[in-house]
Amino acid sequence: QVQLVESGGGLVQAGGSLRLSCAASGRTNSNYAMGWFRQAPGKEREFVAAVSLSSVGTQYSDSVKNRFTISRDNAKNTVVLQMNSLKPEDTAAYYCAAVRTVSNTYVPAGVHAYEYWGQGTLVTVSS
């Protein structure tokens with residue numbers, strides 16, 4: 001079992017930046033692929049970005065590509081989502097997720113691929 005806690009959300013103007021962090025605790029000696037998802041009010045949870053356990057592989061949704069960057073520090077058990085050039089449509093609750101894997105390149109984008117989830121952090125982008 002691994003516990004995930006997100007931080008770094010807040011209110012920002014369009015064009016601004018935010019840095020979300022996800023801290024993992026518990027059974028962190030296992031290998032996990034990590035992902036970020038978001039859910040806007042009245043909408044389904046959607047994939048944002050994922051990084052493989054060794055950072056060899058990353059994947060982004062088309063809506064955030066070239067604006068967001070996912071990275072991880074395995075020594076600190078953290079995953080970061082750097083969000084630049086934010087748009088009002090990026091407003092959502094952002095969730096960190098983890099799935100056990102032995103693959104260095106596994107970067108799943110499906111919600112149901114992930115085993116563990118954080119409680120979320122709210123990002124609001126004003127126009």
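Anyway, here's the lowdown on the structure attached to this text. Please read these numbers as outputs of a predicted model, since none were measured by experiment.

Criteria and cut-off values
- Residues numbered from 1 in each chain as written.
- Predicted model: local features only at pLDDT ≥ 70, side-chain atom pairs only at ≥ 80, totals over all residues.
- Heavy atoms only, no water.
- Helix = DSSP H or I, 4+ residues; strand = E, 2+ residues; numbered from the N terminus.
- Rg over C-alpha atoms; globule rule 2.2 N^0.38 Å.
- Salt bridge = Lys/Arg side-chain N within 4 Å of Asp/Glu carboxyl O.
- Buried < 20%, exposed > 50% of the residue type's maximum accessible area, 1.4 Å probe, protein only.
- Pairing = 2+ DSSP bridges.
- Axes fitted to C-alpha atoms, helices over the stretch in contact; angles between N-to-C directions.
- Core = buried A, V, L, I, M, F, W, Y, C linked by side-chain atoms within 4.5 Å.
- Lys, Arg positive; Asp, Glu negative; His and termini not counted.
- Polar contact = N/O pair within 3.5 Å; in protein donor to acceptor, adjacent residues only side chain to side chain.
- Contact = heavy atoms within 4.5 Å.

This part covers the overall build of the protein chain. Counting its regular elements, the protein chain contains zero helices and eleven strands. Overall, the protein chain shows an N-to-C arrangement of helices and strands of β-β-β-β-β-β-β-β-β-β-β. The C-alpha atoms of the protein chain give 14 Å as radius of gyration, which agrees with the globular expectation for 127 residues (14 Å, within 12%). Principal-axis analysis of the C-alpha atoms places the extent of the protein chain at approximately 40 × 25 × 25 Å.

What follows deals with the pattern of salt bridges. Taken as a whole, this structure holds five salt bridges when the rule is applied. Asp 90 is paired through a salt bridge with Arg 67; the nearest N and O atoms lie 2.8 Å apart. Of this pair, Asp 90 sits in the loop between β8 (78-83) and β9 (92-100) while Arg 67 sits in the loop between β6 (58-60) and β7 (68-73), and the two are 23 residues apart along the sequence. The same class applies to Asp 90 and to Arg 67, which are both buried.

Here we come to the sheet that holds strand β3 (residues 18-26). The antiparallel open sheet is built from four strands, whose spatial order is β1-β3-β8-β7. Taken across any chain shown, the strands that pair with only one partner, and hence form the sheet edges, are β1 (2-7) and β7. Taking each pair of neighbouring strands and ignoring which way they run, the sheet shows an average axis angle of 15 degrees.

With that out of the way, let us pick up the nonpolar core. Most often, soluble globular proteins keep nonpolar side chains buried together rather than apart. One finds Met 34, Trp 36, Leu 81, Met 83 and Tyr 94 to be the most contacted residues of the largest nonpolar core, which totals 28 residues. Those elements that place two or more of their residues in this core are β1, β3, β4 (32-39), β5 (46-51), β7, β8, β9 and β11 (121-126). No other element matches β9, which puts four residues into this core.

Turning next to the side chain of Arg 72. Inspection of the secondary structure puts Arg 72 in strand β7. Look at Arg 72: it is buried, it has no salt bridge, and the nearest opposite charge is Asp 73 at 8.2 Å. Of note is the side chain of Arg 72, whose polar atom sits 2.8 Å from the backbone oxygen of Tyr 32. A polar side-chain atom of Arg 72 sits 2.7 Å from a polar atom in the side chain of Asn 74.

Another point: the environment of Thr 124. Examined against the element boundaries, Thr 124 turns out to sit in strand β11. Along the primary structure Thr 124 and Ala 93 are separated by 31 residues, whereas in three dimensions their C-alpha atoms are 8.5 Å apart. Residues contacting Thr 124, with those up to four places away along its chain left out, are Gly 10, Leu 11, Val 12 and Thr 91.

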